[in-house]
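Per-entry structural report
This is what each chain is made of:
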Amino acid sequence: MRTASELQRNMNAIYDLCESTKEPVYITRNGRESLVVMDAKAFDDAFDLQRCVLEHEMRIHDALMRSQEEVEDGELFDFADIRQES
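Within each chain, residue numbers correspond to sequence positions counted from 1 in written order. Local features in this predicted model are restricted to residues whose pLDDT is 70 or higher, and side-chain atom pairs enter the listing and the counts only when it is 80 or higher, whereas totals over whole chains, interfaces and linings include all residues. To obtain the side-chain values, all non-hydrogen atoms of the structure were used and water was disregarded.

1. Brief notes about the pairing of strand E2 (residues 25-29)
As paired strands, strand E1 (residues 2-3) and E2 are joined by 2 bridges and run parallel to one another. Counted as the bridge partner of Thr3 is Thr28 from E2. At least two DSSP bridges between two strands are needed for those strands to be called paired. Helical segments are the DSSP runs of H or I of at least four residues, strand segments are the runs of E of at least two, and each set is numbered from the N terminus. A loop of 2 residues connects E2 with strand E3 (residues 32-37), the two strands running antiparallel in sequence, and Asn30 in this loop sits at a positive phi of about 55 degrees.

2. Brief notes about the packing of aromatic side chains
Two aromatic rings are characterised by how far apart their centres lie and by the angle between their planes. In this scheme Phe, Tyr and Trp rings, the latter by its six-membered ring, pair at centre separations within 6.5 Å, and the angle between planes marks the pair as stacked below 30 degrees, edge-to-face above 60, and tilted otherwise. This structure, assessed with the given rule, holds 1 aromatic pair. Note on Phe43 and Phe47: the rings are 6.1 Å apart at their centroids and 20 degrees apart in plane angle, and the pair reads as stacked. Here Phe47 and Phe43 lie together in helix H3 (residues 40-72), a separation of 4 residues that amounts to about one turn.

3. Here we look at the environment of Cys18
Looking at the secondary structure, you find Cys18 in helix H2 (residues 11-21). Residue classification places Cys18 among the buried positions, given a relative accessible area of 4%. Sequence spacing of Cys18 and Gln50 is 32 residues, and the spatial spacing of their C-alpha atoms is 20 Å. Whether two residues touch is decided by their heavy atoms; if any such pair falls within 4.5 Å, the residues are in contact. Not counting the four nearest positions on each side in its chain, Cys18 is found in contact with Glu23, Val25, Val37, Met38 and Asp39. Partly exposed describes any residue whose relative accessible area lies between the buried limit of under 20% and the exposed limit of over 50%, with all areas from a 1.4 Å probe on protein chains only and scaled to the type maximum.

4. Overview of the pairing of E3
Two elements, E2 and E3, share 5 bridges in a ladder whose sense is antiparallel. In the strand pairing of E3, Val25 is matched with Val37.

5. Things to note about unusual backbone geometry
For Lys22, which is not glycine, the phi dihedral falls at a positive 60 degrees. Looking at the secondary structure, you find Lys22 in the loop between H2 and E2. A positive phi is found at Asn30, a non-glycine position, where the angle reads about 55 degrees. With respect to the helices, strands and loops of the structure, Asn30 is situated in the loop between E2 and E3.

Below you can see the structure in the form of structure tokens.
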């Protein structure tokens, strides 16, 4: 955590810190967290990962919903019942 005064006085050090750690740097103002500064590439990478996870979760959700509809419509059968018929 850094203070707003540190940010104003030594912006280059904050840049270097963000770039070297790839972690967000929280800036406080009057003792409270006020801003978050982060390396742009690290931010983009984190955002892309979050988007990929969300897309994956949505595909799983859609597949589960389709399966549920198939069960409700009687389109799916119990594997044990199918084996007994053969």
